[in-house]
Protein chains: 2
Amino acid sequence: MLIVKKFGGTSVADKERIMNVARRCIKDYQAGNDVVVVLSAMGKQTDVLIDMAKDINPNPSKRELDMLLTTGEQTSVALMAMAMSMLGVPAVSLNAFQVAMHTTSVYGNARLKRIDTERIRNELDLKKIVIVTGFQGVNKYDDLTTLGRGGSDTTAVALAAALHADKCEIYTDVDGVYTADPRIVKKARKMKEITYDEMLDLATLGAGVLHNRSVEMAKKYNVELVVRSSLNESEGTVVKEETKVERMLVSGVAADKNVTRISLVGLKDKPGIAFRVFDILAKANINVDMILQSIGRSGSKDISFTIPRDACNDALKALEDNMERLGNPEISHNDKVAKVSIVGAGMMSNPGVAARMFECFYNSNININMISTSEIRVTVLIDEKETEKAMNAVHEAFGLED
Amino acid sequence: MLIVKKFGGTSVADKERIMNVARRCIKDYQAGNDVVVVLSAMGKQTDVLIDMAKDINPNPSKRELDMLLTTGEQTSVALMAMAMSMLGVPAVSLNAFQVAMHTTSVYGNARLKRIDTERIRNELDLKKIVIVTGFQGVNKYDDLTTLGRGGSDTTAVALAAALHADKCEIYTDVDGVYTADPRIVKKARKMKEITYDEMLDLATLGAGVLHNRSVEMAKKYNVELVVRSSLNESEGTVVKEETKVERMLVSGVAADKNVTRISLVGLKDKPGIAFRVFDILAKANINVDMILQSIGRSGSKDISFTIPRDACNDALKALEDNMERLGNPEISHNDKVAKVSIVGAGMMSNPGVAARMFECFYNSNININMISTSEIRVTVLIDEKETEKAMNAVHEAFGLED
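### As for the pairing of strand S16 (residues 300-307) of chain B
Residue and element names in this part refer to chain B.
- Counting buried residues along S16, eight of its eight residues qualify, which places the element largely inside the surrounding structure.
- Pairing geometry for strand S14 (residues 260-268) and S16, over eight bridges, is antiparallel. Bridge pairing in S16 links Leu-264 to Ile-303.
- Alignment of strand S15 (residues 291-295) against S16, held across five bridges, turns out to be antiparallel.

Encoded structure:
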């Protein structure tokens with residue numbers, strides 16, 4: 001078997017943890033597998049480097065910032081190779097140049113385009129454990145790039161796809177994907193399996209275990225992902241294609257408090273007004289999530305939408321700068337809201353799911369602000385302070401603890 | 001003019017010093033020059049990385065150690081580019097992969113073979129200051145290598161040669177090359193000019209300003225070197241070819257206390273005995289410096305030689321393991337000795353120089369242990385505690401303070 005194993009910064013934060021990861025990888029190696037390890041920078045090293053940069057230049061060039069940050073993973077892979085060789089196993093570290101991880105040109109948020117596998121295959125043939133820098137690549141100018149948030153997960157999945165690996169294990173500080181955040185829902189249960197689409201929705205909705213870009217890539221190339229704990233030997237959760245997973249009606253509940261709702265009341269009721277609103281926001285680079293449009297009083301329209309909380313000021317400013325164009329609506333916003341979502345591949349063929357969710361909110365006396373649905377997801381916007389109650393109620397209503 | 005400027009770790013140890021170096025380079029840039037800057041790792045960063053490595057593996061692979069250490073210069077060049085752009089000047093940092101600094105394969109002590117100049121020239125054409133990682137290269141396996149002690153000086157000289165630079169300025173914490181160490185000889189004088197050969201001898205003899213490998217390369221490619229202070233604007237010392245320098249009889253005095261003398265008394269007086277002694281030492285990887293052979297009592301020979309102080313135990317062990325082969329000589333050693341040397345291109349045509357040095361030692365009542373000479377150098381071994389007295393006496397005897 002060829003296994004790609006990815007460990008985050010916390011897992012390689014100091015000597016003891018590096019040795020632990022080394023031992024864990026060696027176990028797979030000694031069982032006869034080819035092992036490729038992807039690492040992030042040690043602990044908070046990336047933040048330390050960013051602070052160093054900002055101390056010199058509060059607005060450093062992204063090209064130079066990537067040049068600086070990529071030293072972080074190079075440090076951790078070199079130390080890991082030394083740790084493995086200390087434990088008697090041949091290992092070699094490779095950076096983005098050495099592997100040839102081709103990315104787009106965008107510094108700070110590049111996308112992987114192509115990974116050469118020749119060097120890695122040669123090193124595996126020499127019976128070495130191959131340790132690769134996560135998060136980084138090289139663009140067409142021969143400059144170093146970084147992949148943005150969750151970048152090392154993406155590196156691992158892309159490597160697994162390029163090498164046709166048998167599985168890709170993502171090690172985190174939790175031991176798998178849960179039906180809900182166990183800190184909030186005491187009865188939350190670790191899932192054995194989940195589909196790519198469910199995982200994608202959970203990732204987007206704030207479950208935070210995997211970055212959605214890596215899940216998208218795993219889906220595209222059909223890479224079997226395993227989310228496991230770096231702290232214990234527990235089995236973890238397997239993320240794979242739908243046909244292999246038993247369809248659950250609802251597989252998980254997620255909440256996201258990074259939300260502000262903005263309402264425009266009294267927009268002119270004429271064609272193109274919704275376009276105008278969202279065009280203004282798009283030009284201000286603001287990602288809009290849920291949208292609700294309703295008929296207002298006397299031939300006017302009301303539009304409400306949600307955005308990430310830190311984009312609130314920018315959004316309000318963009319709208320205020322265009323008041324005339326919008327027909328001077330009343331603008332209000334509320335950041336004491338949260339999104340609660342249920343996700344499940346089985347929903348598609350079960351029309352009653354949303355209704356059951358609303359019923360359970362009604363029974364719990366939780367007011368619903370906005371509703372948004374997809375084929376495998378129902379999201380509602382509620383008062384922020386009801387989040388925990390709502391999650392527990394839904395978790396129980398759908399019997400997720402079993 | 002195209003100027004290559006090299007700054008060591010002390011010069012870029014923190015934010016303030018990085019900004020100082022940036023301002024200094026920008027001055028040359030704004031005067032209309034093309035500027036290429038070579039940097040070492042910040043402050044003691046290389047030592048910090050070596051300690052991290054040894055903490056994990058006391059005997060790390062040299063390949064992985066180079067992978068680790070090369071992050072040091074990459075960090076300093078990225079920060080320098082940010083500093084320059086903060087000061088409003090376009091700059092770009094390049095590592096060994098990006099420049100394409102081809103070296104031999106030996107990790108930890110590689111030699112530069114070839115430097116591609118295309119990328120650097122392109123960046124200079126875009127009117128950028130180009131900041132290059134010193135000390136590192138890439139070998140034929142696409143692995144990172146380091147150049148060993150004084151490596152960043154060598155990078156700077158090699159770049160200056162490859163780019164046909166008009167000069168190569170090496171910034172240090174002293175403001176030039178002195179006729180003797182100013183901490184020991186109060187009347188030591190900074191030299192305006194010195195030849196490559198004189199500088200080479202001074203470097204080898206412990207003057208410590210430039211590493212001899214970089215001087216050798218400067219001589220080979222006829223690169224005009226300037227040794228200057230990073231702390232002040234003083235002119236520094238120019239190192240260039242002999243025809244351009246006024247021949248001084250003696251241009252400098254140097255001392256080296258990192259010496260142990262070993263004596264073998266009562267060796268068999270037959271052909272090949274000297275070969276045996278130094279073959280044994282060569283096989284133990286010990287660099288022998290001065291050698292003195294004399295006729296001993298009743299058909300036996302005595303051989304004395306000097307080695308670096310930290311090689312003493314290895315040397316004694318190697319000799320003791322071969323006592324029989326050597327005819328059981330008496331072995332003694334003395335590490336309370338020092339070498340004092342005078343260097344000068346003018347010596348070649350002046351046979352009286354050595355004699356004048358010995359006379360001055362006689363006048364100062366300093367006993368000479370061993371003597372060794374080259375065309376442009378005379379070295380004597382004396383009692384360590386006489387070092388300072390000897391240096392001052394010689395400095396005065398040859399009128400170097402003028």
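### What about the packing of aromatic side chains?
- Tallied over the full model, the rule gives five aromatic pairs over all chains.
- A ring pair is formed by Phe-278 of chain A and Phe-305 of chain A, whose centres lie 5.5 Å apart and whose planes are at 75°; its orientation type is edge-to-face. Placement of Phe-278 of chain A in helix H9 (residues 273-283) and of Phe-305 of chain A in strand S16 (residues 300-307) is noted, with a sequence separation of 27 residues between them. Pair check on accessibility: Phe-278 of chain A and Phe-305 of chain A agree, each one buried.
- Pairing Phe-7 of chain B with Tyr-171 of chain B gives two aromatic rings, centres 4.3 Å apart and planes at 15°, and the pair type is stacked. Highlighted residues: Phe-7 of chain B in strand S1 (residues 2-7) and Tyr-171 of chain B in strand S9 (residues 167-172), separated in sequence by 164 residues. Side by side, Phe-7 of chain B and Tyr-171 of chain B carry an identical accessibility label, which is buried.

### Quick look at the relation of the copies chain A and chain B
- Aligned on chain B, chain A shows an RMSD of 0.1 Å; the corresponding rotation is 180° and the shift along the axis is 0.0 Å. Between the two chains, the operation in question is that of a two-fold axis. For chain A, the smallest separation between a C-alpha atom and the rotation axis is recorded for Thr-71 of chain A, amounting to 2.5 Å.
- Residue by residue, 100% of the interface of chain A is reproduced at the interface of chain B, so both copies engage with the same surface.

### Overview of helix H6 (residues 151-162) of chain A
Residue and element names in this part refer to chain A.
- The end-to-end C-alpha distance of H6 is 16 Å, a good match for the 16 Å that twelve residues give at a rise of 1.5 Å each.
- Burial of H6 is extensive: eleven of the twelve residues sit out of reach of the surface.
- The set of residues buried in H6 consists of Gly-151, Ser-152, Asp-153, Thr-154, Thr-155, Ala-156, Val-157, Ala-158, Leu-159, Ala-160 and Ala-161.
- Positive phi shows up at His-164, right after H6, with a value of about 50°.

### Regarding empty space enclosed by the protein
- Within the structure shown, the criterion is met by two cavities of 30 Å³ or more.
- Considering only enclosed or pocket space, the largest cavity measures out at about 60 Å³ in volume.
- Together, Thr-70, Gln-74, Asn-95, Phe-97, Gln-136 and Leu-144 of chain A together with Thr-70, Gln-74, Asn-95, Phe-97, Gln-136 and Leu-144 of chain B line the largest cavity.
- Those elements that place two or more of their residues in the lining of the largest cavity are helix H3 (62-86) of chain A together with helix H3 (62-86) of chain B.
- A breakdown of the residues in the lining of the largest cavity according to their chemical character gives four nonpolar, eight polar and no charged.

### Section: the interface of chain A and chain B
- Between chain A and chain B, the residue contacts involve 40 residues of the former and 40 residues of the latter.
- When the area that chain A buries against chain B is broken down by residue, the three leading residues are Ile-56, Met-67 and Met-82 of chain A, summing to 21%.
- Linking chain A to chain B there are 22 residue pairs in polar contact (both at pLDDT 80 or more).
- A total of 17 residues in the side of chain A that touches chain B trace back to one element, the largest contributor, which is H3 of chain A.
- Across the side of chain A that touches chain B, the residue classes break down as 24 nonpolar, nine polar and seven charged.

Cut-offs used in this document
Residues numbered from 1 in each chain as written. Chains lettered and ligands numbered in written order. Predicted model: local features only at pLDDT ≥ 70, side-chain atom pairs only at ≥ 80, totals over all residues. Heavy atoms only, no water. Buried < 20%, exposed > 50% of the residue type's maximum accessible area, 1.4 Å probe, protein only. Helix = DSSP H or I, 4+ residues; strand = E, 2+ residues; numbered from the N terminus. Pairing = 2+ DSSP bridges. Phe/Tyr/Trp six-rings, centres within 6.5 Å; stacked < 30°, edge-to-face > 60°. Least-squares fit on C-alpha atoms with pLDDT ≥ 70 in both. Contact = heavy atoms within 4.5 Å. Expected span 1.5 Å × (residues − 1). 1 Å grid on protein atoms, 1.4 Å probe; cavity = no way out; pocket = protein on both sides within 12 Å on 5 of 7 lines; lining within 4 Å. Points joined across faces, edges and corners; volume = space filled by probe spheres on them. Nonpolar A, V, L, I, M, F, W, Y, C, P; charged D, E, K, R; others polar. Buried area = accessible area lost by both parts, 1.4 Å probe. Polar contact = N/O pair within 3.5 Å; in protein donor to acceptor, adjacent residues only side chain to side chain.

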